Amino acid sequence: MDGIETDTDYQRLSRHGLKTGYVYDVIMSFHAQLAEDDEPHPEDPRRIYSIYKCMLDNGLLNDCVRLPIRQATKNEILSIHDARYYNTLIKTKDMSREELEKEAERYNSIYLNAHSHESTLYSAGGVIEACSAVVTDKVRNAFAIVRPPGHHAEYDRAMGFCLLNNVAIATRYCKDHFPFVKRIMILDWDIHFGNGTQQLTCRDKDILYMSLHRYEGGTFYPQDNHGTASYCGRGNGKGSTVNIPWPNNGMTDGDYLYAFEQVVMPIAREFGPSLVIVSAGFDAAAGDHIGECYVTPAGYGQMTHMLKTLANGRIVLALEGGYNLNSIAKSAHACMSVLLGEAPEIPAILTPSPEAVDTIRKVKRIQSKYWDCLKY
C-alpha cells in the first residue's frame, strides 16, 4: 500500500466508510460423503448454506461486499503443506469409488469424493481472498463462509474433517505478499484444539496462535498433548502459542468471556497484530451434540466485538467446525451483525465456573513468562 513505511502508519490508516465483505460459493458443497447413510455426516455440505441463508434472509448481506472466490494455487498450498500430500489430494479427482474409500481410510475422520479436491482448493482460496481484501482495505472486515474446514490439517496429512489448513495457508500468504502486515494473530474458538494450525505456525514469533478448546486432559479429539496449557511454541516462536484447555464439557458464555478478559485480550493488545484471523468453529455453541457446551450467539457476538478493537478493525472470521445447522446459523449471524457495526447482546450467563477460573489461573501463571501484561 502506498505511503506505508511503518507498522504504526498501517495501524493508523483511516478506514472510515469501508464495508464488510464475505466469501461464499455453492461449489464448496460438492465435497460430500460417498455412503448413503440414514444420518448425514456431521461435516454436512448444508453447513455453509444454512449460514448464508440465515444472513441473507435477515438482510445482513445487503450492505456487504461479496468477495470473489478462487482456488488456492499449488505454490500457495506448498508454502505450508507437503508436496506428496498435495499431489495425492489432486489425484482424488480421478479415483474410483473404491480408491476414494481406501484413500480416506488412511486418515483420521476423513471422507472423500471426486469433488473434494476442488472444494478444498476453493475453501483455502476463499480465506486467502478474504484476508487479502481486509489487509489491503478493500473491505473493513470479512466472514469466509467456507468448507471443508482446515484447522486440523497438518503438514502432510488430512484429519478431523480437514483437508487443507485454510487459515495457515492464508496467514503465510499475507506474510509473503504484504510486507506491511508485520504480525498476525490467529484466535481459534472451535471446541477442538487446532493441532494443524498450531503445528504450522508455532515456530514464528510474529504469528500468535491462541486457542480455547475442550481438552479433558488430552482425551478429547484430536487427543494431542500440544493442546495443553504448558505448550507455548517452539524455537523462535516460543511464547507465541497460548492454549486455554477446558477440563470438561458444559462451558458457558461466562467461561469464554472470562478467558477473553483475563488472557486473550491482554495478550492480544501487547502483541499488537496487524491482522486478526478467527478460526470460527461453532461447535462450542449450545445445541451442538459434539461440543456439548453452551456458548450462545450473544457470547460469540461479544467475543467478535472485543476482537474488533484490535488491528485497526482488520479481522477475518473463517468458518471451521460446528455441526448443528440451526446453532451455527444463529451464531454466525450474531458475529456478522457485530462485523457490520451492531452492538452485541449481553449474555444471560456472565459468571465463570470454578473450572474456568482454575484453568485461567494456570494459563496466566504459565504465560506470564512471556507476556508482561500477565506478570502482575
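Undergrad: Quick question: what am I supposed to make of the nonpolar core here?
TA: Membership of the largest hydrophobic core comes to 115 residues, with the highest contact counts inside it found for Phe-143, Met-185, Trp-189, Phe-260, Leu-275, Phe-282 and Leu-307. Counting residues per element, this core draws most heavily on helix H9 (residues 253–271), at eleven residues. When near neighbours in sequence (up to four residues on either side) are disregarded, Phe-260 contacts Leu-187, Trp-189, Leu-212, Met-265, Pro-266, Met-303, Met-306 and Leu-307.

Undergrad: It is not clear to me how the environment of Met-306 should be interpreted in this structure. Could you clarify?
TA: Relative to the helices and strands, Met-306 is located in helix H10 (residues 297–307). Look at Met-306 and you get buried, because its relative accessible area is 15%. In this structure the C-alpha to C-alpha distance between Met-306 and Val-338, which are 32 residues apart in sequence, comes to 9.9 Å. When sequence neighbours within four positions are dropped, the list of residues in contact with Met-306 reads Leu-257, Phe-260, Glu-261 and Met-265.

Undergrad: Could you clarify how one ought to interpret empty space enclosed by the protein in this entry?
TA: Think of a ball as big as a water molecule: rolled over the atoms, this probe shows where empty space is left. Taken as a whole and assessed by the stated rule, the structure comprises two cavities of 30 Å³ or more. For the largest cavity, the full set of lining residues is Tyr-85, Thr-88, Leu-89, Thr-92, Glu-103, Tyr-107, Leu-112, Ala-158 and Leu-163. Here the lining of the largest cavity gets three residues from one element, more than from any other, and that element is helix H4 (residues 83–91). For the lining of the largest cavity, the residue count by class is six nonpolar, two polar and one charged. Class assignment for the residues of the lining of the second largest cavity results in four nonpolar, three polar and one charged.

Undergrad: Mind showing me how you'd approach the pairing of strand S6 (residues 241–246) here?
TA: Working note: regular strand, side chains alternate between the two faces of the sheet. Counting buried residues in S6 gives six out of six residues, a clear majority hidden from the surface. Neither face of S6 is open: one carries Thr-241, Asn-243 and Pro-245, the other Val-242, Ile-244 and Trp-246, and all of them are buried. In this structure, strand S5 (residues 207–214) lies alongside S6, joined through six bridges in parallel fashion. Its bridge partner being in S6, Tyr-209 is matched across the sheet by Thr-241.

Undergrad: Help me understand the sheet that holds strand S2 (residues 65–66) in this model?
TA: If you walk across this open sheet you meet the eight strands as S2-S1-S3-S8-S7-S4-S5-S6, and the pairing is parallel. Every interior strand has two partners, whereas the edge strands, S2 and S6, have only one. Where strand S4 (residues 184–188) meets S5, five bridges bridge the pair, whose relative direction is parallel. By the bridge assignment, Ile-186 is partnered in S5 with Tyr-209. Set on the sheet, helix H11 (residues 325–339) makes contact with strand S1 (20–23), strand S3 (141–144) and strand S8 (315–319); between it and S3 the angle comes to about 160°.

Undergrad: What is the right way to read the packing of aromatic side chains from this model?
TA: As enumerated under the stated definition, the model contains eleven aromatic pairs in all. Look at Phe-178 and Phe-180: their rings are 5.7 Å apart centre to centre, the planes differ by 40°, and that puts the pair in the tilted class. A centroid spacing of 4.9 Å and a plane angle of 80° characterise the contact between Phe-282 and Tyr-300, whose relative ring orientation is edge-to-face. In this pair, Phe-282 is assigned in the loop between strand S7 (275–280) and H10 and Tyr-300 in helix H10, connecting sequence segments 18 residues apart.

Undergrad: What's the story with unusual backbone geometry in this structure? I'm lost.
TA: Where the residue is not glycine, phi is negative for most of them; where a peptide bond is considered, it is trans in most cases. Here Arg-147 and Pro-148 are connected by a cis peptide whose omega angle stands at 0°. For Pro-148, the position within the fold is in the loop between S3 and helix H7 (166–177). A cis geometry characterises the amide bond from Tyr-221 onward to Pro-222, with omega recorded as 10°. Note that Pro-222 resides in the loop between S5 and S6. Here Asp-137, not a glycine, exhibits a phi torsion of approximately 60°, which is positive. As for its position among the elements, Asp-137 is in the loop between helix H6 (116–135) and S3.

Undergrad: Looking at this structure, how should I read the pattern of salt bridges?
TA: Two side chains of opposite charge can pair, provided their charged atoms sit close to one another. With the rule as written, the count across this model stands at 21 salt bridges. It is possible to trace a salt-bridge network through shared partners that takes in Arg-172, Lys-175, Asp-176 and Asp-204.

Undergrad: Could you clarify how one ought to interpret the packing of helix H2 (residues 46–57) against H11 in this entry?
TA: Describing two packed helices takes the angle between their axes plus the distance from one axis to the other. Put simply, H2 and H11 touch, their axes get as near as 8 Å, and they point 45° apart. Viewed along their axes, H2 and H11 adopt a mutual orientation that is oblique. Seen from above, H2 lies across H11 with right-handed handedness. Residue-level contacts link Arg-46, Arg-47, Ser-50, Ile-51, Cys-54 and Met-55 of H2 to Leu-325, Ile-328, Ala-329, Ala-332, His-333 and Met-336 of H11.

What counts, and where the lines are drawn
Residues numbered from 1 in each chain as written. Predicted model: local features only at pLDDT ≥ 70, side-chain atom pairs only at ≥ 80, totals over all residues. Heavy atoms only, no water. Core = buried A, V, L, I, M, F, W, Y, C linked by side-chain atoms within 4.5 Å. Buried < 20%, exposed > 50% of the residue type's maximum accessible area, 1.4 Å probe, protein only. Helix = DSSP H or I, 4+ residues; strand = E, 2+ residues; numbered from the N terminus. Contact = heavy atoms within 4.5 Å. 1 Å grid on protein atoms, 1.4 Å probe; cavity = no way out; pocket = protein on both sides within 12 Å on 5 of 7 lines; lining within 4 Å. Points joined across faces, edges and corners; volume = space filled by probe spheres on them. Nonpolar A, V, L, I, M, F, W, Y, C, P; charged D, E, K, R; others polar. Pairing = 2+ DSSP bridges. Axes fitted to C-alpha atoms, helices over the stretch in contact; angles between N-to-C directions. Phe/Tyr/Trp six-rings, centres within 6.5 Å; stacked < 30°, edge-to-face > 60°. Salt bridge = Lys/Arg side-chain N within 4 Å of Asp/Glu carboxyl O. Parallel < 35°, antiparallel > 145°, perpendicular 65-115°, else oblique. Left-handed = near helix turned anticlockwise from the far one by under 90°.

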